[in-house]
Amino acid sequence: MATARTAPAGPASAGAATAAPAAPVALRGVGRAFTAPDGGTRDVLRGVDLDVAAGEIVAILGPSGCGKSTLLRIVAGLDHPTSGEVAIDEAPVRPYDVRCAVGFQEPRLLPWRSIEKNVALGLPRGTARRDGRAQVARLLELVGLAEFAGHRPHEVSGGMAQRASLARALARNPEVLLLDEPFGALDALTRLKMQDLLLDVHAAEPTTVLLVTHDVDEALQLADRIVLLGTDGDEPGAGIRQTVVVPGHRPRDRGSAELAELRGRLLDGLGIDRHGAARGIQATTTIPHYPY
Amino acid sequence: MTTDAAKTTDTERSGLPDGSVGSAFAAPVAVGGRPVAAADATGPVGVDARPSGDEERPAAASVIRRGGPGRDRRALTSRRWFRIVGGALIPLALLAAWQVVSTSGAVPVSQLPSPEMVWLAAVDLAERGLLGLYVAISTQRVFIGFAFGALFGLLAGAVVGLSRLGDVLFSPTLGAVRAVPSLAWVPLLILWFGIGEDSKVILISIGAFFPVYTIVAASLRHVDRRLLEAGRAFGLRGATLFATVQLPAVVPSVIAALRLALAQAWLFLVAAELIASSMGLGFLLSDSGNTGRIDRIFLAIILLAVLGKLSDALVGLLERWAVRRWA
Ligand SMILES: Nc1ncnc2c1ncn2[C@@H]1O[C@H](COP(=O)(O)OP(=O)(O)OP(=O)(O)O)[C@@H](O)[C@H]1O
Ligand SMILES: [Mg+2]
C-alpha cells in the first residue's frame with residue numbers, strides 16, 4: 001500500500017473548508033494533579049516540556065494510566081493544567097479551543113444521529129451546506145464507511161464507530177489535530193489502512209498532530225518524533241522520559257532494521273522485555289503483537 | 001482532506017487484493033439472506049475467510065436491508081392484533097364475571113349494579129345532555145391544566161437542570177412546594193380563586209407540573225458528560241449545544257414525564273371536582289355518592305378509566321415516535 005501512495009502535497013483544493021494553517025504547540029512545565037478520594041492530591045503529570053513544530057506529527061507513548069489522555073485534553077482546552085502553560089501558535093490555549101480537533105479515546109458519537117450527521121458535527125462553523133455534505137461524503141469514503149452513512153452508531157461495530165470518530169475530527173480541518181488512540185479498536189489490516197489514510201490526509205493538509213498510542217510500531221510508522229511518557233522511579237507524576245526522532249521520511253518501510261533498533265529502545269523504555277534480544281545489539285525484526 | 005487525498009486512497013483501495021472480491025461475494029450473500037452466510041461465502045471465492053477490510057461491510061449492509069427482520073418473523077407478542085386482543089382479554093373477562101355475579105343475585109344491586117344498569121344510567125344521562133357535558137368539561141380541565149403544568153414544568157426543569165445557579169436558587173424551594181400534599185392547596189385555591197374553573201385548572205396544573213419538573217431537571221443533569229464534552233470540543237455552545245446534545249438525550253424521559261403528568265392531571269381533576277364543582281366526572285361521583293346512585297358511581301369510574309387510558313394512549317403514540325426518532 002505504501003508504494004502505491006503518491007505524495008499529494010499540493011495546496012488545498014477547492015471544496016475543502018477554510019484550510020487552517022498548521023500551528024506550533026508549546027507546553028511549558030505542564031503539571032496536573034487530581035484531588036484523590038481521600039481529599040489529598042495526586043500528581044498525574046509533572047513538568048512536561050514539549051515543543052511541537054507546525055505540521056509535525058508527534059506520537060505520545062506510555063503505559064496505561066500514565067496521563068496520556070490527560071495531556072491531550074489539556075492541549076485541547078478540555079482540562080486545565082494545575083501548573084505550567086500550553087500555547088498554540090504563541091497564544092494560550094482557551095477552554096474548548098477552536099483551533100484543536102479531538103479524536104477521543106472512545107468514539108463518543110451521538111447515538112441519535114446517523115454516522116453521516118455525526119461526522120458533519122466536526123465541520124467548522126460556517127461551512128456551506130453543500131460543501132459540508134461533499135466533505136462528509138469524502139471523509140466517509142476515506143474511512144470506508146460510505147455504505148453506513150445512514151446508520152446509527154449502535155448499528156455499526158466498535159471499530160467502525162472509531163473510524164467515524166476519526167472522520168469527525170478530520171472534518172474540522174484543524175490547526176492542531178489531537179488523536180487519542182484513534183486506531184485502538186481496529187483489526188491489524190484496517191489499522192494499517194487507517195494509518196496510511198492519516199498520512200495521506202496529513203500530506204495534503206499538513207496539520208500539527210499529537211497522537212497518543214500504545215503501539216510502538218504505529219508510532220514509528222506515523223510520527224516525526226516519539227515522546228515516551230512515564231514516571232521516574234517512585235516519583236509521583238509522569239513526565240517525558242525519552243524523546244526519539246524517527247529517522248527517514250514517510251512512508252517508512254515497516255520492516256527496516258533501523259526502525260527495529262528504535263523499536264527495541266522504545267520497548268525498553270516502556271519496560272517491556274524483548275524476549276532474548278540482547279540489549280544494544282540489533283533487534284530482531286519480528287513485530288511484537290499488541291498489547292505486547 | 002482535499003480531493004487529492006480522496007483520489008489517492010481510492011486508487012489504493014481498488015488496488016487492494018481484496019478490493020475486487022467485495023462485489024464478487026456480495027451476490028451469494030444476498031441469496032443466502034443470512035449474515036452468517038457472508039463469512040462462509042468468502043471461502044469458495046478463495047479469499048481469506050476474515051478479510052476484515054471495509055469491502056466486506058457493504059455486503060453485510062445489503063443483507064440487513066434485503067433480508068431484514070420481516071413482518072412474519074416478528075414475535076407473536078409484538079404483533080399489533082395480538083397486543084390489542086391480548087389487552088382486551090382481561091377487561092372482557094371482568095365484564096363477563098361482573099355480569100355473572102350480578103345476575104346470580106349473590107350480591108345485592110345496591111352494592112353491585114349490573115352492567116345493564118350502568119349502561120342505562122349512561123343512556124339516561126346522555127339523553128339529558130349531561131353525560132357529554134360532564135365528559136367534555138372534565139377533559140377540558142385536564143388538558144388545560146396539563147398544558148400549563150407541563151409547560152411550566154418543562155421550563156422550570158430546564159432552568160434547574162441546565163444551570164447551576166438555577167439549581168441553587170430554585171430547587172430547594174420547588175422541592176419544598178412539591179412536598180405539600182396536593183389536597184392542602186384546595187382550601188387556599190378556593191379562597192383565592194373561588195370555586196370556578198380557575199381554582200380547578202390551577203390545582204391540576206400543580207399536579208402536572210411536578211412530575212415534569214422533577215424528571216426533566218434530573219435527566220438534563222444526567223446527560224452523558226462525555227457527549228457534552230465532545231459537543232463542546234466541536235464548538236457547540238448554549239442553544240446549539242442544547243438542541244444538538246441535551247434535548248435529544250432527554251426527549252425519551254421528557255415524554256415519559258408527560259405521560260406521568262397526564263395521569264397525575266386526572267388524579268387532581270377528581271380531587272378538584274369532588275370538593276367543589278357542579279359539573280364533571282368528579283361531581284358525578286360525589287353527587288351520586290350523596291344520592292346513593294351506585295350505577296352512576298360505576299359509570300363515572302369506568303369513564304375515568306377509559307378517558308385516562310385514551311389520553312395516555314395519545315402520549316404513548318408520541319412516545320413511540322420520539323423513541324424511534326431519538327433513541
Ligand atoms: N477527572 C479525573 N479525576 C481524577 N483522576 C483522573 C481524572 N482524569 C484522569 N485521572 C487520573 O489520571 C491518570 C491518567 O489518566 P489518563 O486517562 O490520562 O491515562 P492514559 O495514559 O490515557 O491511560 P490509557 O492508556 O489507559 O488511556 C489516571 O490515574 C486517572 O485515574
Ligand atoms: Mg487514555
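Residues numbered from 1 in each chain as written. Chains lettered and ligands numbered in written order. Predicted model: local features only at pLDDT ≥ 70, side-chain atom pairs only at ≥ 80, totals over all residues. Heavy atoms only, no water.

Draft legend 1. Expanded view of the overall build of chain A. Within chain A one finds seven helices and 10 strands. Of all 292 residues assigned to chain A, the portion counted as buried reaches 53%. Across chain A, contacts joining residues at least 24 apart in sequence account for 67% of those joining residues at least 6 apart. Entry remark: accessible area of chain A is about 12300 Å², with carbon and sulfur atoms responsible for 53%. (Helix = DSSP H or I, 4+ residues; strand = E, 2+ residues; numbered from the N terminus. Buried < 20%, exposed > 50% of the residue type's maximum accessible area, 1.4 Å probe, protein only. Contact = heavy atoms within 4.5 Å. Areas by Shrake-Rupley, 256 points an atom, 1.4 Å probe, with all protein chains shown as cover.)

Draft legend 2. Structural view of the pairing of strand 3 (residues 57–61) of chain A. All names here are of chain A. Within strand 3, five of the five residues are buried, which leaves it mostly tucked inside the rest of the structure. Judged by which residues are buried, strand 3 turns out to be covered on both faces: Ile57, Ala59 and Leu61 on one side and Val58 and Ile60 on the other are all buried. Relative to strand 9 (residues 225–230), strand 3 runs parallel, the two being bridged by four bridges. Within the sheet, the bridge partner assigned to Val58 lies in strand 9 and is Arg225. (Pairing = 2+ DSSP bridges.)

Draft legend 3. Structural context of the side chain of Thr208(A). Residues and elements named next belong to chain A. With respect to the secondary-structure elements, Thr208 resides in strand 8 (residues 208–213). Among the polar contacts listed, one links the side chain of Thr208 to the backbone oxygen of Ala23, at a separation of 2.6 Å. Side-chain polar atoms of Thr208 contact the backbone nitrogen of Gly55, separated by 3.0 Å. (Polar contact = N/O pair within 3.5 Å; in protein donor to acceptor, adjacent residues only side chain to side chain.)

Draft legend 4. Focus on the site of ligand 1. Residue and element names in this part refer to chain A. Around ligand 1, the surrounding shell holds 13 residues, and the nearest of these are Ser64, Lys68, Ser69, Thr70 and Gln105. Ser64 places a polar side-chain atom, nitrogen or oxygen, 2.6 Å from an oxygen atom of ligand 1. Taking Lys68, its side chain carries an N or O atom lying 2.7 Å from an oxygen atom of ligand 1. Considered on its own, ligand 1 offers 630 Å² of accessible surface; in the complex 62% of this is hidden by protein. Secondary-structure elements contributing two or more residues to the shell around ligand 1 are strand 2 (41–52) and helix 1 (68–76). It is helix 1 that contributes the most residues to the shell around ligand 1, three residues altogether. Of the residues in the shell around ligand 1, the class split is three nonpolar, seven polar and three charged. (Near = heavy atom within 4 Å. Nonpolar A, V, L, I, M, F, W, Y, C, P; charged D, E, K, R; others polar.)

Draft legend 5. Expanded view of helix 13 (residues 281–291) of chain B. Three or more residues of helix 13 of chain B are buried, namely Leu281(B), Gly282(B), Phe283(B), Leu284(B), Leu285(B) and Ser288(B). Looking one or two residues past helix 13 of chain B, Gly292(B) carries a phi angle of roughly 70 degrees, positive in sign.

Draft legend 6. Examining a nonpolar patch on the surface more closely. On the surface, Leu76(B), Trp81(B), Phe82(B), Val85(B), Leu89(B), Ile90(B) and Leu94(B) cluster together to form a nonpolar patch covering roughly 710 Å² of accessible area. Within the secondary structure, Ile90(B) is located in helix 5 (residues 80–104). (Patch = residues over 30% accessible without salt bridge, like charges linked within 9 Å, V, L, I, M, F, W, Y side chains within 5 Å. Salt bridge = Lys/Arg side-chain N within 4 Å of Asp/Glu carboxyl O.)

Draft legend 7. Structural view of a positive patch on the surface. All names here are of chain B. On the surface, Arg80, Arg83, Arg320 and Arg324 cluster together into a positively charged patch. Elements with a contribution of two residues or more to the positive patch: helix 5 and helix 14 (294–326). Mapping Arg83 onto the fold places it in helix 5. Since its relative accessible area comes to 57%, Arg83 is described here as exposed. (Lys, Arg positive; Asp, Glu negative; His and termini not counted. Charge placed at Lys NZ, Arg CZ, Asp CG, Glu CD.)

Draft legend 8. Examining the pattern of salt bridges more closely. In this structure the tally under the stated criterion is 22 salt bridges over all chains. Notably, a salt bridge pairs Glu229(B) with Arg73(A), separated by 2.7 Å at the nearest N-O pair. Here the residue Glu229(B) occupies a position in helix 11 (residues 225–233), and Arg73(A) occupies one in helix 1, the pair thus bridging two chains. A relative accessible area of 11% means that Glu229(B) is categorised as buried. With relative accessibility at 24%, the residue Arg73(A) sits in the partly exposed group. Close ionic contact of Glu197(B) with Arg141(B) constitutes a salt bridge, the shortest N to O distance being 2.7 Å.

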